[in-house]
Amino acid sequence: MTTLYEKLKNIQVDNPLCNYTKERCERLEPLIEKINKLKAEKNALILAHSYVHPDIIYGVADHVGDSYGLAQKAKITDAEIIVFPAVRFMAETAKILNPQKTVIDPNPNGGCSLADSITADQVLALRLRHPDHTFVCYINTTAAVKAACDVCVTSSNVYTVIKNLPTKKVFFLPDKLMGENILNYMRENNIDKELLVSDGTCYVHEEFSCDEIHFLKQKYPDLEVLAHPECTQEVINASDVTGSTSQILNYVKSHKDENHPFLILTECGITSRLQVEHPELRLVGTCMMCKYMKSNSLSQILQALEAPTKEQIITIDPAIQDGALACVNQMFRHSH
Ligand code: 13P
Ligand code: SF4
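Here we summarise the structure given alongside this text. Quantities reported herein were computed from a predicted structural model and do not represent experimental measurements.

Ligand 1 sits among His49, Tyr51, Asp66, Ser67, Asn140, Ser155, His205, His228, Glu230, Ser244 and Thr245. His228 is positioned with one of its side-chain polar atoms (N or O) 3.0 Å from an oxygen atom of ligand 1. For ligand 1, whose accessible area on its own is 300 Å², the fraction buried by protein is 96%. When its residues are assigned to classes, the shell around ligand 1 shows 1 nonpolar, 8 polar and 2 charged.

In structure tokens:
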């Protein structure tokens, strides 16, 4: 059996939290064993976002992916318990899809600068001012905000959903930068819709700048740059490929034989996943960490599986459950 150290030894992200020595891995292994045993006993499923610590991804997760892929897994599981190391809104989405199951968010700090940037009351006030608009929210929103909107999107299906919507007037919230990128996409693809956007941002992705892209493109003329659509429009325009976290991963994996360097402009979790799964890749430049995603830990997951606190068990107000579910289901409907 491959040890945790064997799996994680190639991770080279410039942060002590991402430094997996042999000793550290050996300390983590008993925790992993306990979690996996308990998981089987309790018929629990662990869904981990690609941004969480690699010891969670490669030690205990049943599925790893982006917000859309994990929502799809949550939709079809027959496990009795879902443990969701990621951020709060992702665990909430799993609960919206599974009102009868126990959904656990082990993370004590599961915020998200986007989800925290708008409330349902603010959405309802916007709806009064824009009664003819279809309200599209990013999946990075609370359940209450979803219930106040018509359809949600993720970074992997945003362009498809917007294009497929039968309406001409769309209000997109809360990510201003993704909204600007949608406007750009609509202009480039002659999609004739009116799009209003609100003013939230992801504190991680808004930090990437074109300076690093230009500097590295000079140093490596064959560099390929991949960016998440939460980055600024300037960064997206200077990049070669735009996509969700899973789309970035899949693109790099399928172009790995071209043997040129890649610059990955998203959270460090994607870089570390590529370093684990394809250590031969040439990854250059820096990445940024999301403090919310990185608040998940193996010890919290074990504690939450053994005896979750009230705060770790997701509940959805019955008054908003149907509205939030309709919003998420509309996304599945328009994603193809
Ligand atoms: P994905 O939809 O690509 O998983 O992104 C979620 C997220 O929070 C990005 O910052
Ligand atoms: Fe939210 Fe940004 Fe963290 Fe994603 S990376 S969870 S959008 S704060």
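Another aspect to go through is the sheet that holds strand β4 (residues 102–104). Strand pairing in a sheet takes place through backbone hydrogen bonds and is either antiparallel or parallel in direction. Strand order across the open sheet formed by 4 strands is β2-β1-β3-β4, with parallel pairing between neighbours. One side of each edge strand has no neighbouring strand; the edge strands of this open sheet are β2 (63–65) and β4. Here the strands of the sheet are splayed against their neighbours by 20 degrees on average, with no regard to which way each runs. Pairing between strand β1 (residues 44–49) and strand β3 (residues 81–83): 3 bridges, direction parallel. The partner of Ala44 across the bridge, within β3, is Ile81.

Our focus in this paragraph is the environment of Ile11. Mapped onto the fold, Ile11 is located in the loop between α1 (4–8) and α2 (22–41). Looking at Ile11, the relative accessible area reads 7%, which means it is buried. Sequence spacing of Ile11 and Arg273 is 262 residues, and the spatial spacing of their C-alpha atoms is 8.1 Å. Residues in contact with Ile11, not counting those within four places in the same chain, are Cys18, Tyr20, Pro54, Ser272, Gln275 and Val276.

A few words on helix α10 (residues 210–219). Listed in full, the buried residues belonging to α10 are Cys210, Glu212, Ile213 and Leu216. The arc that holds every buried residue of α10, seen down its axis, measures 155 degrees, which confines them to one face. Those residues of α10 that are exposed and aimed more than 90 degrees away from the buried face are Asp211, Phe215, Gln218 and Lys219. Close packing links the buried residues of α10 with β9 (224–227), α11 (233–238), β11 (262–265) and β12 (283–284). At the N-terminal boundary of α10, the capping side chain belongs to Ser209, with an oxygen 3.2 Å from the backbone nitrogen of Asp211.

Covalent bonding between the sulfur atoms of two cysteines defines a disulfide. With the rule as written, the count across this model stands at 1 disulfide. Looking at the unpaired Cys25, the closest cysteine sulfur is the one in Cys18, lying at 12 Å. You can see Cys327 has no disulfide; the closest cysteine sulfur is in Cys137, sitting 3.9 Å from it. Cys327 sits in the buried class, given a relative accessible area of 0%.

Before going further, it helps to spend a moment on the side chain of Lys193. Secondary-structure assignment places Lys193 in the loop between α9 (176–188) and β8 (194–197). Lacking a salt bridge, the buried Lys193 has Asp192 as its closest oppositely charged neighbour, with an N-O distance of 9.1 Å. Of the polar contacts made by the side chain of Lys193, one reaches the backbone oxygen of Thr167; its length is 2.8 Å. Once residues lying within four places of it in the same chain are set aside, the contact partners of Lys193 are Ile162, Lys163, Leu165, Thr167, Lys168, Val170 and Met186.

Of all hydrophobic cores here, the largest spans 103 residues; its most connected members are Phe84, Leu173 and Ile182. With 6 residues, helix α5 (residues 88–97) is the single largest residue contributor to this core. Counting 14 residues, the second largest nonpolar core, distinct from the first, contains Leu216, Val225, Ala238 and Val284.

Our next topic: the pairing of β11. Here β11 shows two buried faces, one formed by Phe262 and Ile264 and the other by Leu263 and Leu265. In this structure, β9 lies alongside β11, joined through 4 bridges in parallel fashion. When the bridges of β11 are listed, Leu226 appears paired with Ile264. The handedness of the β11 to β12 crossover, carried by helix α13 (residues 268–277), is right-handed.

This next bit is on the packing of aromatic side chains. This structure, assessed with the given rule, holds 4 aromatic pairs. Between Phe135 and Phe171, the ring centres sit 4.9 Å apart and the planes meet at 5 degrees, which makes this aromatic pair stacked. Here Phe135 is found in strand β5 (residues 134–138), whereas its partner Phe171 is found in strand β7 (residues 169–173), with 36 residues between them in sequence. Take Phe135 and Phe171: they sit in the same class, and that class is buried. When the centroid spacing of 4.4 Å and the interplanar angle of 20 degrees are considered together, the rings of Tyr159 and Tyr185 count as stacked. With Tyr159 in helix α8 (residues 158–164) and Tyr185 in helix α9, this pair connects stretches of sequence that are 26 residues apart. Classification of Tyr159 by relative accessible area gives buried; the value is 19%. Over the ring of Tyr20 we find Arg24, and its NZ or CZ is 4.3 Å from the ring centre. The lysine or arginine in question, Lys291, covers the ring of Tyr203, its NZ or CZ lying 5.4 Å from the ring centre.

The rules behind the values
- Residues numbered from 1 in each chain as written.
- Chains lettered and ligands numbered in written order.
- Predicted model: local features only at pLDDT ≥ 70, side-chain atom pairs only at ≥ 80, totals over all residues.
- Heavy atoms only, no water.
- Near = heavy atom within 4 Å.
- Polar contact = N/O pair within 3.5 Å; in protein donor to acceptor, adjacent residues only side chain to side chain.
- Areas by Shrake-Rupley, 256 points an atom, 1.4 Å probe, with all protein chains shown as cover.
- Nonpolar A, V, L, I, M, F, W, Y, C, P; charged D, E, K, R; others polar.
- Pairing = 2+ DSSP bridges.
- Helix = DSSP H or I, 4+ residues; strand = E, 2+ residues; numbered from the N terminus.
- Axes fitted to C-alpha atoms, helices over the stretch in contact; angles between N-to-C directions.
- Buried < 20%, exposed > 50% of the residue type's maximum accessible area, 1.4 Å probe, protein only.
- Contact = heavy atoms within 4.5 Å.
- Arc of directions from axis to C-beta.
- Disulfide = S-S within 2.5 Å.
- Lys, Arg positive; Asp, Glu negative; His and termini not counted.
- Salt bridge = Lys/Arg side-chain N within 4 Å of Asp/Glu carboxyl O.
- Core = buried A, V, L, I, M, F, W, Y, C linked by side-chain atoms within 4.5 Å.
- Right-handed = clockwise from strand over helix to strand, strands pointing away.
- Phe/Tyr/Trp six-rings, centres within 6.5 Å; stacked < 30°, edge-to-face > 60°.
- Lys NZ or Arg CZ within 6 Å of the ring centre and 35° of its normal.

Taken by themselves, the reported measurements are silent on function.
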